[in-house]
Amino acid sequence: HMTVIQVLEAGLDLRLKDSLEVSVTEGLLEKTDETFQFSHDRVQEAAYNMLNSQDRAKRHLKYGLALCMRATLDDNNGMIFTAVGQVNRTGPEIIYSAEEKSLISASNFRAGRKAMGLSDFGSALKFFERGIDFLHNDHWDDDYEFSLEIFDCAAKCAYAIGDHEKLKLLSNQILVSARSFEGKLNVLCYTINLLCDASLLDKAIEKCTWLLSMLGVEFSWASSRDTTLILVEKMRSILSGHSNEFLLQYIKMKDHSKIIAMKVLSRLNITLVLSRPDFSPVATLQMVELSLTHGMSPMSAIGFVYLGSMLASLGHMREGSRFVKLALNIVQLFGSKELAGEVMAISTQTAAYVEPMQSAIEFHMVGHKSSQEVGDIRSASLNFLLYCGGLFWSGAHLNRVKVRYEEACRFMEQHNMLSMMQTEGRWKINKLINGYESGIDIPVVTSKHCVDDKNLYARKYFHFQNMYVTFIYRDFGKMKSAAEKFIESKFEGWTILVAPGAQAFIFGLVSFWIFRQTHDMQWLAQGTASKDLIQKWEETSEWNFFHKRNLLEAEEHFCRNNYDKARLCYNVAISASKEHKFIHDEALACELAGHFSFEMGDMSAALEYFTRSNESYYEWGAIAKATAVFNHAVFTFQNVNAQP
């Protein structure tokens, strides 16, 4: 490729190099190889200010146009940034040639696409905006395809960097000027995303179903859970006759309206998961059915990853894993980088029920990076949040988890994804590190968010976090109240996530404790049901669930007065959690074994268990909780020793 100086000399018929060499001799410039630079910033400033603003603009335009033409001819991506850097210092008001304006618009568009490829969406948006500035007044009529493309790219970048005001302005232009429904589709999807980001889930669902009706695809709201289960079994039967290899070689979807419908269904699906979970399988099954009827498309990956997650949640873990892997293969087959982040978010959560959690969750950061690279900020945020949650429940040191949560929250603040921020995560960690009485009792923003909006998942998650902290600090009254609200949340999802595994485990322990205090049989039944669920998951991941099942069995035996069996199960749970690197569960198992031993009157064993619990909590980074266990042990044994 020619250098900038060579391009300008050839394009403008100038002898620039000779003049530059003279300036080097006079000490105004410095030369390294074939590169010239000013000897000092003040020299550059003085030289630049020798020209008035109008002359400077004309020279920037003259040099920039020459570089734009050469960059276009040579397909030189490096030079295009230099070229638009020059012409963008001018304005369209000093250019009268329609041909020159078109060249500048096209060059800015090319620079913007290059910046998008480098995941620099902020710079890309600036290039696209300048390209739009240089479009002539009738560009929607005279150059429709280019106008739609540059506005569409600008809208995508505005969404990627969280500039919702610019996104609305750009979207309005497209919605007014686009000649077809297809031309409006991308910004309509951004609109749905914005509604979700603002927790306006009902409006997002309404927009999705309207779009589907425009495409001739009707969404069924008449499905009950029993009916859905029948449809799931029917789909399982159909797919049992097709291997993953067969499906990867299946015909490709060519009906464009169906391809668009698949995209809308994917947006509808994620919205339903949060607000109306009973209907999310309908969207999933509809995507899979469209793929089998009309052929595979990149969006088929979304349908199959949610199908796999749904089957896993119903207990068909190995079958679910099969379709999760199929979804990842579909992404590779089509080279669908824009979908990789969302598929990895769901597939990684499913993998955490099959593979060791500590290693499985690391793929969330791969999904986070992949999503960032293509401007999918929602999936990037989702992967980051799921990673933080996975770190906590896998027993990572709390200081590390805290740092990652803070990074995730900063990322979401920077990209205007405030509705996805989960303040309970940091609140919970703060309680464990700094103490039960530290900070406010409940994350106020999250509490209001759960009460006011339609996000059923967020509401149940909130009550669970409250139940967990009050359980850990042995605040029975508040814990029982939180457990009752957790039950009332009535969120029964069809997607397997790490959170339900943690919820089943903790809720089971909570239920057994409440039963021992109240003798209310419904709590014993709740605890037993949680244990049975954990035991089901143990079939595919002994690493993650063996110690949990044993701790729940210990608590159940304690409730049923099977004390020898309880003692055995406590010890197995402690040993297994240590072996499998779940330090937080080891600490909890030791603590509960301590309470059990104290109730049995075995003071020596209780002291040993509480001591081990204190050490394990401290190793986990839960300094305040470790201190609370120590203080409880000291207080308890002082009272025992003080008795006559």
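Residues numbered from 1 in each chain as written. Predicted model: local features only at pLDDT ≥ 70, side-chain atom pairs only at ≥ 80, totals over all residues. Heavy atoms only, no water.

> So, the overall build of the protein chain: which residues are in play, and what are the values?
When helices and strands are tallied, the protein chain shows 34 helices and two strands. Projected onto its principal axes, the C-alpha coordinates of the protein chain cover approximately 105 × 65 × 45 Å. About 29,000 Å² of surface is accessible on the protein chain, with carbon and sulfur atoms providing 52% of the total. Averaged over its 66 positive side-chain charges, the protein chain has a centre that lies 2 Å from the centre of its 76 negative ones. (Helix = DSSP H or I, 4+ residues; strand = E, 2+ residues; numbered from the N terminus. Areas by Shrake-Rupley, 256 points an atom, 1.4 Å probe, with all protein chains shown as cover. Lys, Arg positive; Asp, Glu negative; His and termini not counted. Charge placed at Lys NZ, Arg CZ, Asp CG, Glu CD.)

> Break down the pairing of strand S2 (residues 35-38) for me, citing the residues and quoting the values.
Strand direction decides the pairing type here: strand S1 (residues 29-32) and S2, joined by four bridges, are antiparallel. Each residue of the ladder has a partner; that of Leu 29, found in S2, is Phe 38. Taking the residues between adjacent antiparallel strands as the criterion, S1 and S2 are bridged by two residues, where Asp 33 takes a positive phi near 55°. (Pairing = 2+ DSSP bridges.)

> Pulling in residues and values, what's your account of empty space enclosed by the protein?
All told, the structure shown has three cavities of 30 Å³ or more when counted by the stated rule. Around the largest cavity sit Ala 352, Tyr 353, Met 357, Trp 393, Val 498, Gly 501, Ala 502, Phe 505, Phe 545, Lys 548, His 584 and Asp 585, which together line it. When residues of the lining of the largest cavity are traced back to their parent elements, those giving at least two are helix H28 (498-518), helix H30 (542-559) and helix H32 (583-600). Looking at the lining of the largest cavity element by element, the count peaks at four residues for H28. For the lining of the largest cavity, the class distribution of residues is eight nonpolar, two polar and two charged. Space inside the second largest cavity adds up to approximately 40 Å³. Taken together, Trp 393, Tyr 468, Ile 472, Phe 505, Ile 506, His 584, Asp 585, Leu 588 and Tyr 617 make up the lining of the second largest cavity. Those elements giving two or more residues to the lining of the second largest cavity turn out to be helix H26 (456-472), H28 and H32. Among the elements that make up the lining of the second largest cavity, the one with the highest residue count is H32 (three residues). Looking at the lining of the second largest cavity, its residues break down into seven nonpolar, one polar and one charged. (1 Å grid on protein atoms, 1.4 Å probe; cavity = no way out; pocket = protein on both sides within 12 Å on 5 of 7 lines; lining within 4 Å. Points joined across faces, edges and corners; volume = space filled by probe spheres on them. Nonpolar A, V, L, I, M, F, W, Y, C, P; charged D, E, K, R; others polar.)

> I'd like a rundown of the state of the cysteines, residues and numbers included.
Counted according to the given criterion, the structure contains zero disulfides. We note that Cys 196 lacks a disulfide partner, and the nearest cysteine sulfur, in Cys 208, lies 6.9 Å from it. No disulfide involves Cys 388; its sulfur sits 7.6 Å from the nearest other cysteine sulfur, which is in Cys 409. (Disulfide = S-S within 2.5 Å.)

> With reference to specific residues and values, describe the side chain of Arg 516.
Its location among the elements puts Arg 516 in helix H28. According to the relative accessible area criterion, Arg 516 is buried, its value standing at 19%. Side chain to side chain, Arg 516 and Glu 555 meet in a polar contact 3.0 Å long. Ignoring any residue separated from it by four or fewer positions in sequence, one finds Arg 516 in contact with Glu 555, Phe 558 and Cys 559. (Buried < 20%, exposed > 50% of the residue type's maximum accessible area, 1.4 Å probe, protein only. Polar contact = N/O pair within 3.5 Å; in protein donor to acceptor, adjacent residues only side chain to side chain. Contact = heavy atoms within 4.5 Å.)

> Outline the nonpolar core, listing residues and values.
Within the largest apolar cluster, 199 residues are counted, with the highest numbers of intra-cluster contacts made by Phe 304, Met 467, Tyr 468, Phe 471, Ile 506 and Leu 588. Ignoring sequence-local partners within four residues, the contact set of Leu 588 consists of Phe 471, Ile 472, Phe 505, Ile 506, Leu 509, Leu 551 and Tyr 617. (Core = buried A, V, L, I, M, F, W, Y, C linked by side-chain atoms within 4.5 Å.)

> Describe the packing of helix H17 (residues 300-313) against helix H19 (residues 337-351), naming the residues involved and giving the relevant values.
Where H17 meets H19, the axes come as close as 10 Å, and the angle between the chain directions of the two elements is 10°. Relative to H19, H17 is oriented roughly parallel. When the axes of H17 and H19 are compared, the crossing they make is left-handed. Across the interface between the two elements, Ala 301, Ile 302, Val 305, Tyr 306, Ser 309 and Ala 312 from H17 touch Leu 339, Glu 342, Val 343, Ile 346, Ser 347 and Thr 350 from H19. Looking at the contact of H17 with H19, its residues break down into eight nonpolar, three polar and one charged. (Axes fitted to C-alpha atoms, helices over the stretch in contact; angles between N-to-C directions. Parallel < 35°, antiparallel > 145°, perpendicular 65-115°, else oblique. Left-handed = near helix turned anticlockwise from the far one by under 90°.)

> Break down unusual backbone geometry for me, with residues and values.
Positioned with a positive phi, Arg 474 is a non-glycine residue whose angle comes to about 60°. Accessibility expressed as a relative area gives 25% for Arg 474, which makes it partly exposed. Even without a glycine there, the phi angle at Asn 561 is positive, about 65°. Along the polypeptide, Asn 561 turns up in the loop between H30 and helix H31 (563-579).

> Describe a negative patch on the surface, naming the residues involved and giving the relevant values.
On the surface, Asp 138, Asp 141, Asp 142, Asp 143 and Glu 145 cluster together to form a negatively charged patch. Structurally, Glu 145 can be placed in helix H9 (residues 144-160). Assessed through its relative accessible area of 57%, Glu 145 is described here as exposed. (Patch = residues over 30% accessible without salt bridge, like charges linked within 9 Å, V, L, I, M, F, W, Y side chains within 5 Å. Salt bridge = Lys/Arg side-chain N within 4 Å of Asp/Glu carboxyl O.)

> Before we move on, can you summarise the pattern of salt bridges with the specific residues and values?
In the structure shown here, the tally under the stated rule is 23 salt bridges. Note that Asp 133 is salt-bridged to Arg 130, the shortest N-O span being 3.2 Å. Highlighted residues: Asp 133 and Arg 130, both in helix H7 (residues 121-133), separated by three residues, approximately one helical turn. Classification of Asp 133 as partly exposed rests on a relative accessible area of 39%. Taking the shortest distance from any N to any O, the salt bridge between Glu 319 and Arg 236 comes out at 2.7 Å.

> Would you mind going over the packing of aromatic side chains in detail, with residue names and values included?
A complete count under the given rule lists 30 aromatic pairs for this structure. Taking 5.2 Å as the distance between ring centres and 35° as the angle between the ring planes, the aromatic pair formed by Trp 140 and Phe 151 counts as tilted. Of this pair, Trp 140 sits in helix H8 (residues 139-142) while Phe 151 sits in helix H9, and the two are eleven residues apart along the sequence. Note on accessibility: Trp 140 and Phe 151 belong to one class, buried. Taken together, a centroid distance of 6.0 Å and an interplanar angle of 25° make the contact between Phe 304 and Phe 323 stacked. Residue Phe 304 is located in helix H17, and its partner Phe 323 is located in helix H18 (residues 317-334); the two are separated by 19 residues in the primary sequence. For the pair formed by Phe 304 and Phe 323, the shared burial category is buried. Counting every residue linked through ring pairs, the aromatic cluster contains Phe 392, Trp 393, Phe 464, Tyr 468, Phe 486, Phe 507, Trp 523, Tyr 617 and Trp 620. Here Arg 474 stacks its cationic end above the ring of Trp 513, 3.8 Å away from the centre of that ring. The residue whose ring lies beneath Lys 548 is Phe 582, and the NZ or CZ to ring-centre distance is 4.5 Å. (Phe/Tyr/Trp six-rings, centres within 6.5 Å; stacked < 30°, edge-to-face > 60°. Lys NZ or Arg CZ within 6 Å of the ring centre and 35° of its normal.)

> Let's hear about the packing of helix H13 (residues 225-240) against helix H16 (residues 280-294): which residues, and what values?
Here H13 crosses H16 at 30°, and the two axes come no closer than 11 Å. When the axes of H13 and H16 are compared, the pair comes out roughly parallel. Where H13 crosses over H16, the handedness of that crossing is left-handed. Contact residues: Thr 228, Leu 231, Val 232, Met 235, Ile 238 and Leu 239 in H13; Pro 281, Leu 285, Val 288, Glu 289 and Leu 292 in H16. Looking at the contact of H13 with H16, its residues break down into nine nonpolar, one polar and one charged.

> Tell me about the environment of Val 4, residues and numbers included.
Mapped onto the fold, Val 4 is located in helix H1 (residues 4-12). Among the residues examined, Val 4 registers a relative accessible area of 31% and is labelled partly exposed. Spatially, the C-alpha atoms of Val 4 and Thr 82 are 8.5 Å apart, while their sequence positions differ by 78 residues. If sequence neighbours within four positions are ignored, Val 4 has contacts with Leu 67, Met 79 and Thr 82.

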